[in-house]
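# Architecture and fold: a report
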Amino acid sequence: MRKARIVGIVIGIAVCAVASCVACSGGTEPATPPQQAEAPPAPTPPTPPPTPTAARTQGEQRGLLVASSQFRVENGAVTATPGPARLEILTPDGDQWRAEVIEDPGSNVFHKALWWQPPTGEPGLVTLGGMSAAVKLWRRGASGWTSETLWTEEFGGQFNRMRDAEIADVYGDGAAIAVATHDQGVVATVRPGASGWTIDRLDREPNTFVHEIEIGDLNGDGQLEIYATPSEPNDLGGGEQSGQVVRYVPRAQQGRTVVADLGNRHAKEIWVGDADGDGRDELYVAVEALTRGAGAQLEIVEPVEIRRYDADTAPTARNVIARIPGERLTRFLTVGDVDGDGRREMVIATFRNGLWLARPGRDPRGEWSLESIDRESSGFEHAALLTDLDGDGKDELYVGADEQGELRRYVWVNGRARREVMLRREVPRAIMTWNLMPVPLSAVAPR
């Protein structure tokens, strides 16, 4: 069992209004770094029992898990030297946010963290670590957070990373963790076994990166499908980089099936769910730009596209619902209801061209409307999440604006996004935000 290094801090909130097409300027004032644990907050009323994966329950307040990597700062400049993997647990405290930090020196990045109630045993926080690759389950006890390693492996390539995961009942006998890895194309599930944890490897392909996992039921047969994004190794120098979106159906013992053949392009982000409200899941793929040249001469030939695939869509189809002019990378799509009207919107978080709100029209398989939320928000990952943390029935938008050094919250008021600064980093870019996930307050409260 590994005991975590934990620190605490209380964070105030700064607010500014953001027009739908013109963003206000964001500050980058340094924040005071965590120094020592604050006194525990006053007891709060009990909340309803959370669902196994912290699904939204109206009326229940929730916190936010911020998975990240951190880098050493020397003479005010960010270096490439990583520190321990870092997880921040943010919980509301009146008009402020209280942060608790868990660090794991066994890895240098947490790519994701999510709350899980296993079929047996106590609930906890699942983390996906990189370099070394480890899936861990963290539980809080009387002495703080300690971890149990569910799966660790050396994959045999240059990189060893647990890159992404989702949790669902893909076998029909209880929840399992579906995991994507670098760099040998391993896709696997982790679930409780008769003695310990069982690892079922669904796929392996040398020199292949799998960045993303999603789970859904596109054909409506009641059996959950796992979707993944294998591609050629990362190449930031421009040019062609091929990739696919593939499907696995563990319950039906179905192996890899290509559902999206992206040709000379690839995707590092997908989203699966019912965005248009027709009762059937869809697959949305953020296809990265086709470029040529490198450095200052890099030219975008075809910009980022968001493509839609239904159960009957051919893998080679190019059903584009949105294009982001001038953008080459998009690593986050998130879907929710920002205004409480019962219709869902999609937020597209781009590398350098800000945040965009997309809405389906009369024909959701056609082009969607697109408007800017905030052009002054950016980051290499640019993690974003639509979720209802305050329990008012409307989703807020949470964003890791790493280049601005801020963790931000957006709420929609009279049709416009209002931006709040939840947390300011002392040095922008010193922390890279990889993922944001909700967590029940009852799951992270001190014991």
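Up top is the structure.
Residues numbered from 1 in each chain as written. Predicted model: local features only at pLDDT ≥ 70, side-chain atom pairs only at ≥ 80, totals over all residues. Heavy atoms only, no water.

## Quick look at the packing of aromatic side chains
Inclusion rule: Stacked, edge-to-face and tilted labels apply to pairs of Phe, Tyr and Trp rings (six-membered ring for Trp) whose centres lie within 6.5 Å, assigned for plane angles under 30 degrees, over 60, and everything in between, in that order. Helix and strand definitions here come from DSSP, where helices need a minimum of 4 consecutive H or I residues and strands a minimum of 2 consecutive E residues; each element is numbered from the N-terminal end. Relative accessibility under 20% of the residue-type maximum defines a buried residue, over 50% an exposed one, and the middle range a partly exposed one, all with a 1.4 Å probe and only protein chains included. Only when the NZ atom of a Lys or the CZ atom of an Arg is both within 6 Å of the ring centre and within 35 degrees of the ring normal do we say a charge sits over the ring.
Following the criterion strictly, the structure yields 8 aromatic pairs and no others. Geometrically, the ring pair formed by Phe351 and Phe380 is edge-to-face, given 5.7 Å between the ring centres and 85 degrees between the ring planes. Here Phe380 lies in the loop between strand S29 (369-374) and strand S30 (384-387) and Phe351 lies in the loop between strand S27 (345-350) and strand S28 (355-359), a separation of 29 residues in the sequence. Residue class for Phe380 comes out partly exposed when judged on its relative accessible area of 26%. Taken together, Trp271, Tyr284 and Trp368 form an aromatic cluster joined through their ring pairs. Seen from the ring of Tyr171, Arg191 lies directly overhead, with NZ or CZ sitting 3.5 Å from the centre. For the cation-ring pair, Arg331 lies above Phe380, with the distance from its terminal atom to the ring centre recorded as 4.8 Å.

## Quick notes on empty space enclosed by the protein
Over the atoms rolls a probe the size of a water molecule, and in doing so it shows where empty space is left. Our working definition: A pocket here means an open set of points on a 1 Å grid, computed over the protein atoms alone, that has protein on both sides within 12 Å along at least five of seven lines. A cavity is instead a set of points where a 1.4 Å probe fits but cannot get out; residues with an atom within 4 Å of a point line either one. Grid points are joined across faces, edges and corners, and a volume is the space filled by probe spheres set on the points. Three classes are used: nonpolar for Ala, Val, Leu, Ile, Met, Phe, Trp, Tyr, Cys and Pro, charged for Asp, Glu, Lys and Arg, and polar for all others, with Gly counted as polar.
Taken as a whole and assessed by the stated rule, the structure comprises 3 cavities of 30 Å³ or more. Taken as a whole, the largest cavity holds about 170 Å³ of empty space. Along its surface, the largest cavity is lined by 17 residues, and Asp235, Gln241, His266, Glu288 and Ala289 are the ones closest to its centre. Here the lining of the largest cavity is built from residues that sort into 4 nonpolar, 7 polar and 6 charged.

## Here we look at the nonpolar core
Applicable threshold: As used here, the term nonpolar core means buried Ala, Val, Leu, Ile, Met, Phe, Trp, Tyr and Cys residues forming a set that is joined through side-chain atoms within 4.5 Å. We call two residues in contact whenever any of their non-hydrogen atoms come within 4.5 Å of each other.
Judged by nonpolar contacts, the single largest core of 36 residues is most densely connected at Leu125, Val126, Trp151, Ile177 and Val179. Top element by residues in this core is strand S8 (residues 109-116). It accounts for 5 residues. Other than its neighbours up to four places away in sequence, Val179 contacts Leu128, Val135, Trp151, Met162, Asp164, Ala165, Val186, Val187, Ala188, Val190 and Ile213. The next biggest cluster of nonpolar side chains, apart from the first, holds 27 residues, and it includes Phe332, Ala349, Ala383 and Leu389.

## Concerning the pattern of salt bridges
Put simply, the test is: For salt bridges, the criterion is a side-chain nitrogen of Lys or Arg within 4 Å of an Asp or Glu carboxyl oxygen.
Evaluated as defined, the whole model comprises 42 salt bridges. When the shortest N-O distance is used, the salt bridge between Glu88 and Arg86 registers 3.2 Å. Assessed through its relative accessible area of 2%, Glu88 is described here as buried. Note that Arg86 is salt-bridged to Glu103, the shortest N-O span being 3.8 Å. Here Arg86, found in strand S6 (residues 85-93), pairs with Glu103, found in strand S7 (residues 96-104); they are 17 residues apart in sequence, far enough to count as distant. Residue Arg86 is classed as buried on the basis of its relative accessible area of 8%. Residues joined by salt bridges that share partners form a network here, namely Arg265, Glu302, Glu305, Arg307, Arg318 and Arg323.

## Here's the deal with the sheet that holds S28
In any sheet, the strands associate via hydrogen bonds between backbone groups, in a parallel or an antiparallel arrangement. Keep this limit in mind: What makes two strands pair is DSSP finding at least two bridges between them. Geometry is summarised by axes, namely lines fitted to C-alpha atoms with helices restricted to the contacting stretch, and by angles between N-to-C directions that run from 0 to 180 degrees.
The sheet built from 4 strands is open, its strands ordered S26-S27-S28-S29 with antiparallel pairing. Bordering the open sheet on either side are strand S26 (330-336) and S29, each of which pairs with just one other strand. If you compare each strand with its neighbour and ignore which way they point, the axes differ by 25 degrees on average. Pairing of S28 with S29 involves 5 bridges; the strand directions are antiparallel. Note on S29: the bridge partner recorded for Trp356 is Ser372.

## Focus on the pairing of S6
Every regular strand shows the same layout, with side chains that alternate between the two sheet faces. Of all 9 residues that make up S6, 7 are buried, and the element is covered over most of its length. Relative to S6, strand S4 (residues 62-74) runs antiparallel, the two sharing 5 bridges. Across the sheet, the residue bridging to Ala67 is Leu87, located in S6. By the bridge criterion, 9 bridges tie S6 to S7 in an arrangement that is antiparallel. Counted as the bridge partner of Ala85 is Asp104 from S7.

## Quick notes on the sheet that holds strand S19 (residues 254-261)
Pairing in this open sheet of 4 strands is antiparallel, and the strands run S16-S17-S18-S19 from one edge to the other. Strands at the two margins of the open sheet, each flanked by one partner only, are strand S16 (209-216) and S19. Averaged over all adjacent pairs, the angle separating strand axes in this sheet is 25 degrees, with direction ignored. Bridge count between S16 and strand S17 (residues 225-231): 6 bridges; the pairing is antiparallel. Across the sheet, residue Phe209 finds its bridge partner in S17, namely Ser231.

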